[in-house]
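# Residue-level structure breakdown
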Amino acid sequence: MGGSDETRVLQAVRTDLFLGGEWGASESGHTVAVEDPSTGETIAEVADAIPAEGLEALRIAAEHQGKWARSAPRDRGEILRRAFELMVERVDDLALLMTLEMGKPLAESRGEVAYAAEFLRWFSEESVRIDGRFGLSPSGDSHLMVLRQPVGPCLFITPWNFPLAMGTRKIGPAVAAGCTMIVKPAKQTPLSMLALAQIFEEAGLPKGVLSVLTTSSAGALTGPMIKDARLRKVSFTGSTEVGRALVKDAADQLLRTSMELGGNAPFLVFEDADLDKAVDGAMLAKMRNMGEACTAANRFHVHASVAEEFSSRLAARMGALKVGRGTEDGTQVGPLIDEAGRLKVEELVADAIDRGAKPVTGGSRDDGAGYFYPPTVLAGVEPGSRILAEEVFGPVAPISTFETDDEAIAAANDTEFGLVSYAFTESWTRGLKVIEALEAGMIGLNRGLVSNPAAPFGGIKQSGFGREGGPEGIYEYLDVKYVSTPR
Ligand code: NAP
């Protein structure tokens, strides 16, 4: 794909507000610039919604909720299926758009489009399987029925690192369940979500079911909606800090909330690990999305007897990756999202080196356009280094060593986060012991990738609550109603 394709996909995407199914400029008269992180240049301007437009979107969502809830599950499933097919058909254009606004290499963007589309296919199949229960009370004097009904109007706030998938994980089950919704994408990557709104429009989603609002002031737009009794649910994917504030705000209305928050994934390599598998797994767990993933391996705890071999093999693989603009052929590592993200990575690397860590590859940035940072492996990272406690969100693998299984498990669990943990061992007995002991919502056992639309994605501890995907995913959008009636 060349420059003319870039212009074409940028021109094809609508940049207005998508308010209940109608496109229109914001009353603010302002726009928000969208930047290509590989050049720092502005590639588009999207509407800058004001709080009144958020409340208007909520009014529309509340007005259409009743009719949408009564729609046929099969019809909702068919809309999701058509949207899935359109995404698959347009994978190249959607991927290019994503790469332009987010930076990841085209191959990874294609992977995300396919992953994001799969949530629509999965929930198209779930919409017709919403179950209930009918039974007799133990005393035999009454019947009891359990119904599941849509929660009602939802607000979705999504991050920039997976601009489509973090949206479809929420929109898919909400459409399947019969909820109306308002989506606020991250201001760095609104274009992919706007393109998705166009796809839903073409797929026949009725007007009023979906709004997509872009804004420069996330809190100002979403705050009044969260305080409004017409809203019934907030689902958020983003940092723990913002998630915590949203839960506090949501408490006033006792809103249902789902929180997909930050991570600090440990990657454990035991002495009996198959190092080929462990290095392959590490490459996936660390380098997917340039390390800008909540599931990214944040720290490597490796048995002392294999640490040197593991570090040098990982450094050789990471050091050989081609860094560049995501649209260029052969690029394997794109830029970070912005200068703030890059400065944070630099700060954490400098702190680890100050405390005694040694860079095996990478370790300092090149100057030039774009927010690039080279793949970096740090060996001998000392306890107390900030990089072990904070989400690095970049292509840096800090390695420290352990001697015993108990030491490894204690180090892995020594964090307030609990999203995902990875463990590599060829012993099934050790594997079972480790998966039971690890404090995480998800575990990759001898595998560096856990994300799957058919599986319940989510965390424990300060990584949040709620699950996205799998049969569990739709329950986030359904209320339980129990009915008692005489026999
Ligand atoms: P972020 O700063 O928390 O932003 C996420 C979203 O929240 C954006 O749409 C942002 O809007 C919005 N936001 C920011 N402040 C807000 C406020 N006061 N009120 C309402 N909305 C607000 O996170 P990020 O830097 O974009 O994303 C990275 C984080 O997401 C990492 O911590 C990562 O681990 C986490 N994440 C978690 C998962 C998971 O499933 N657990 C998946 C992906 C990412 P603006 O863009 O306008 O600021």
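The shown structure was predicted, so the numbers you read here are calculated from the model rather than taken from an experiment. (Residues numbered from 1 in each chain as written. Predicted model: local features only at pLDDT ≥ 70, side-chain atom pairs only at ≥ 80, totals over all residues. Heavy atoms only, no water.)

### Comments concerning the pairing of strand E4 (residues 41-47)
Convention followed: Note on pairing: DSSP must find at least two bridges between two strands before they are called paired. Helix and strand assignments follow DSSP, with helices taken as H or I runs no shorter than four residues and strands as E runs no shorter than two, numbered in order from the N terminus.
Bridge count for strand E3 (residues 31-36) against E4 is 6 bridges, and the pairing is antiparallel. Of the residues in E4, the one forming a bridge with Ala-33 is Glu-45. Joining the antiparallel neighbours E3 and E4 is a turn of 4 residues, in which Gly-40 adopts a positive phi near 80 degrees.

### Some details on the sheet that holds strand E15 (residues 376-379)
Note the threshold: Here an angle of 0 to 180 degrees is reported between the N-to-C directions of two axes, which are lines fitted to C-alpha atoms, with helices fitted over the stretch in contact.
The mixed open sheet is built from 7 strands, whose spatial order is E14-E15-E16-E13-E12-E18-E19. The open sheet terminates on both sides in strands that have one partner only, identified here as strand E14 (358-361) and strand E19 (442-445). Neighbouring strand axes in the sheet, compared pairwise and without regard to direction, differ in orientation by 25 degrees on average. The sheet contact formed by E14 and E15 spans 3 bridges and is antiparallel. Counted as the bridge partner of Thr-361 is Val-377 from E15.

### Things to note about the domain arrangement of the chain
Counted only if it meets this: Source of the domain bounds: an automatic or database domain assignment. When checking whether two residues touch, look at their non-hydrogen atoms; a contact exists if any pair is within 4.5 Å. When two components associate, each loses some accessible surface as probed by a 1.4 Å sphere; the sum of these losses over both components is called the buried area. We define a salt bridge as a contact between a side-chain nitrogen of Lys or Arg and a carboxyl oxygen of Asp or Glu at a distance within 4 Å. Note that Gly is not counted as nonpolar here; it falls among the polar residues with everything else outside the nonpolar set of Ala, Val, Leu, Ile, Met, Phe, Trp, Tyr, Cys and Pro and the charged set of Asp, Glu, Lys and Arg.
Assigned domains of the chain: these are domain 1 (3-261 + 463-486) and domain 2 (265-452). Contact with domain 1, which involves 27 residues of that partner, is made by 29 residues of domain 2. Contact between domain 1 and domain 2 buries roughly 2,200 Å² in total, counting both sides, with carbon and sulfur atoms accounting for 56%. Contact with domain 2 buries area across many residues of domain 1, yet Ser-38, Trp-160 and Ser-463 alone supply 22% of it, more than any other trio. Where domain 1 packs against domain 2, one counts 2 salt bridges. Across the salt bridge formed by Arg-325 and Glu-6, the nearest N and O atoms sit 3.4 Å from each other. Breaking the side of domain 1 that touches domain 2 down by element, the ones donating at least two residues are E3, helix H4 (91-102) and helix H5 (106-126). Per-element accounting of the side of domain 1 that touches domain 2 gives the leading share, 5 residues, to H4. Counted by class, the side of domain 1 that touches domain 2 contains 10 nonpolar, 10 polar and 7 charged residues.

### Description of the side chain of Asp-405
Let me state the cut-off plainly: Pairs of N or O atoms are called polar contacts if they sit within 3.5 Å, as long as, within protein, a hydrogen donor faces a hydrogen acceptor (for residues adjacent in sequence, only side-chain-to-side-chain pairs).
Take Asp-405: it is sitting in helix H14 (residues 405-413). A polar contact is formed between the side chain of Asp-405 and the side chain of Arg-430, at a distance of 2.8 Å. Non-local contacts of Asp-405, meaning those with residues more than four positions away in its chain, are made with Phe-270, Arg-430 and Lys-433.

### With respect to the layout of surface pockets
The line we're drawing: With a 1 Å grid spanning the protein atoms alone, the term cavity applies to any set of points in which a 1.4 Å probe fits but cannot get out, the term pocket to an open set with protein on both sides within 12 Å along at least five of seven lines, and the term lining residue to any residue with an atom within 4 Å of a point. Grid points are joined across faces, edges and corners, and a volume is the space filled by probe spheres set on the points.
Taken as a whole, the largest pocket spans an internal volume of roughly 1,100 Å³. Taken together, 45 residues make up the lining of the largest pocket; nearest its centre are Trp-160, Phe-236, Gly-238, Ser-239 and Val-242. The greatest single-element share of the lining of the largest pocket, amounting to 7 residues, is contributed by helix H9 (residues 240-251). Looking at the lining of the largest pocket, its residues break down into 18 nonpolar, 15 polar and 12 charged. A domain-level breakdown of the lining of the largest pocket finds at least three residues from each of domain 1 (3-261 + 463-486) and domain 2 (265-452). Roughly 310 Å³ of internal volume is contained in the second largest pocket. Along the walls of the second largest pocket sit 14 residues, with His-301, Pro-383, Leu-388, Ala-411 and Asp-414 positioned nearest its centre. Counting residues per element, the lining of the second largest pocket draws most heavily on strand E16 (residues 396-402), at 3 residues. Within the lining of the second largest pocket, the residues separate by chemical class into 6 nonpolar, 5 polar and 3 charged.

### Comments concerning a nonpolar patch on the surface
Operational definition: Residues with no salt bridge and a relative accessible area higher than 30% make up the patches, which join like charges within 9 Å and nonpolar side chains (Val, Leu, Ile, Met, Phe, Trp, Tyr) within 5 Å. All accessible-area figures derive from a Shrake-Rupley calculation using a 1.4 Å probe, and residue coverage is judged against the displayed protein chains alone. Here's how the labels work: a residue is buried when its accessible area is under 20% of the maximum for its type, exposed when over 50%, partly exposed in between, all with a 1.4 Å probe on protein chains only.
Taken together, the side chains of Trp-428, Leu-432 and Ile-435 present a nonpolar region at the surface, about 310 Å² in accessible area. Structurally, the position occupied by Ile-435 is in helix H15 (residues 428-437). According to the relative accessible area criterion, Ile-435 is partly exposed, its value standing at 31%.

### A short note on the packing of aromatic side chains
This is how the line gets drawn: Stacked, tilted and edge-to-face are the three classes applied to pairs of Phe, Tyr and Trp rings, where Trp contributes its six-membered ring and a pair requires centres within 6.5 Å; stacked means planes under 30 degrees apart, edge-to-face means over 60, and tilted covers the rest.
For the structure on display, the rule yields 10 aromatic pairs. Between Phe-267 and Phe-300, the aromatic rings sit 4.8 Å apart at their centres with planes inclined by 40 degrees, giving tilted as the arrangement. With Phe-267 in strand E12 (residues 265-269) and Phe-300 in strand E13 (residues 297-303), this residue pair connects regions lying 33 residues apart in the sequence. The class of Phe-267 is buried, set by a relative accessible area of 0%.

### Examining the site of the ligand
Worth spelling out the cut-off: Being near a molecule or strand, for a residue, means having at least one of its heavy atoms within 4 Å of it.
In the vicinity of the ligand, 29 residues are found, and the nearest of them are Thr-158, Lys-187, Ser-239, Leu-261 and Glu-391. One of the side-chain nitrogen or oxygen atoms of Arg-169 is found 2.9 Å away from an oxygen atom of the ligand. Against a free-state accessible area of 900 Å², the protein chains account for coverage of 85% of the ligand. Elements represented by at least two residues in the shell around the ligand include exactly helix H6 (165-177), helix H8 (218-226), strand E10 (233-237) and H9. The dominant element in the shell around the ligand, judged by the number of residues it contributes, is H8, at 3 residues. When the residues that make up the shell around the ligand are grouped by side-chain class, the tally is 15 nonpolar, 9 polar and 5 charged. Viewed by domain, the shell around the ligand spans two of them, domain 1 (3-261 + 463-486) and domain 2 (265-452), each represented by three or more residues.

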